[in-house]
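If you want the building blocks of each chain, they are given just below.
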Amino acid sequence: MTSPSDFEGVPRIGLGTDLHRLVPGRTCILGGIVFDECPVGPDGHSDGDAVLHAVTDALLGAAGLDDLGTLFPDDREANRDRPSAEFVAEACRRLQLARLAPLSIDIAIQCDRPKIAPRRAEIRAAIARLVVLPVDRINVKGKTFEGLRATDPEIVSVVAVVLVG
Ligand code: MG
């Protein structure tokens, strides 16, 4: 039989995914970075930042805590247009209370627009600042739908994996 103390100090992995429609008239914010030139942005109750939502869920999941939707319900007025950076900050605070901290994050962002690659370094730096990790502990890659996605609705889909210890 194993006891909880057998796992003391052993890193834990967390997975987060998210998907938002990309629609005209919404600020395009992904990974905490605004893509001014993009004519569509993630729809949502908060600012719609699917990257930070996936990261938040991965952080919370690794720590065995409640998920994003439970902590920040999208039917609460207080969460309307809320900056998703606040969700990441709250997840980090809860990790700290559980005596845990993020060790590394890997993120895949899938969308046909905006183009992620030219802003990759900025996204890595923004997330590194949010979770207080060196930039080389955060990785971000942009993927397209290779022309296979349905044209309507247009979406952004994100997968984030986090190591927590
Ligand atoms: Mg979301």
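Everything that follows concerns the structure shown earlier in this document.
All values derive from a computational prediction rather than experimental measurement.

Reading the values: rules and limits
- Residues numbered from 1 in each chain as written.
- Predicted model: local features only at pLDDT ≥ 70, side-chain atom pairs only at ≥ 80, totals over all residues.
- Heavy atoms only, no water.
- Core = buried A, V, L, I, M, F, W, Y, C linked by side-chain atoms within 4.5 Å.
- Buried < 20%, exposed > 50% of the residue type's maximum accessible area, 1.4 Å probe, protein only.
- Helix = DSSP H or I, 4+ residues; strand = E, 2+ residues; numbered from the N terminus.
- Donors = N, O, S within 2.8 Å, 3.2 Å for Na, K, Ca; no water.
- Salt bridge = Lys/Arg side-chain N within 4 Å of Asp/Glu carboxyl O.
- Disulfide = S-S within 2.5 Å.
- Patch = residues over 30% accessible without salt bridge, like charges linked within 9 Å, V, L, I, M, F, W, Y side chains within 5 Å.
- Areas by Shrake-Rupley, 256 points an atom, 1.4 Å probe, with all protein chains shown as cover.

## Some remarks on the nonpolar core
Ranked by size, the top nonpolar core spans 44 residues in total, and within it Leu-59, Ile-107 and Ile-109 carry the most contacts. Contributing elements (two or more residues each) for this core: helix H1 (50–62), helix H2 (68–71), helix H3 (85–97), strand E5 (102–110), helix H4 (120–131), strand E6 (138–143) and strand E7 (155–164). Considering every element that reaches this core, the biggest residue donor is H1, with nine residues.

## Some remarks on the coordination of the magnesium ion
The textbook angles at a metal center are 109.5 degrees for a tetrahedron of four donors and 90 or 180 degrees for an octahedron of six. Protein coordination at the magnesium ion comes from Asp-18 (OD), His-20 (NE2) and His-53 (ND1), with a distance range of 2.1 to 2.2 Å. Between the donor residues of the magnesium ion, the gaps in sequence give the motif D-x1-H-x32-H. Of this pair, His-20 sits in strand E1 (residues 12–24) while His-53 sits in helix H1, placing them 33 residues apart in sequence. The exposure classification of His-20 matches that of His-53, with both residues buried.

## Some remarks on the pattern of salt bridges
Scanning the entire structure with this criterion turns up eight salt bridges. Put simply, Asp-81 and Arg-26 hold a salt bridge, and the shortest N to O gap is 3.5 Å. Of this pair, Asp-81 sits in the loop between H2 and H3 while Arg-26 sits in the loop between E1 and strand E2 (29–30), and the two are 55 residues apart along the sequence. Judged by its relative accessible area of 48%, Asp-81 is partly exposed.

## Some remarks on the state of the cysteines
By the definition in use, this model includes zero disulfides. Cysteine Cys-28 shares no disulfide, and the gap to the nearest cysteine sulfur, in Cys-38, comes to 4.0 Å. Residue classification places Cys-38 among the buried residues on the basis of a relative accessible area of 10%.

## Notes on a nonpolar patch on the surface
Together, Ile-13, Leu-15, Val-159, Val-161 and Leu-163 line one region of the surface with nonpolar side chains, adding up to about 420 Å² of accessible area. Counting residues per element, the ones that place at least two in the nonpolar patch are E1 and E7. For the nonpolar patch, the leading source of residues is E7, giving three residues. Val-159 sits in the partly exposed class, given a relative accessible area of 38%.

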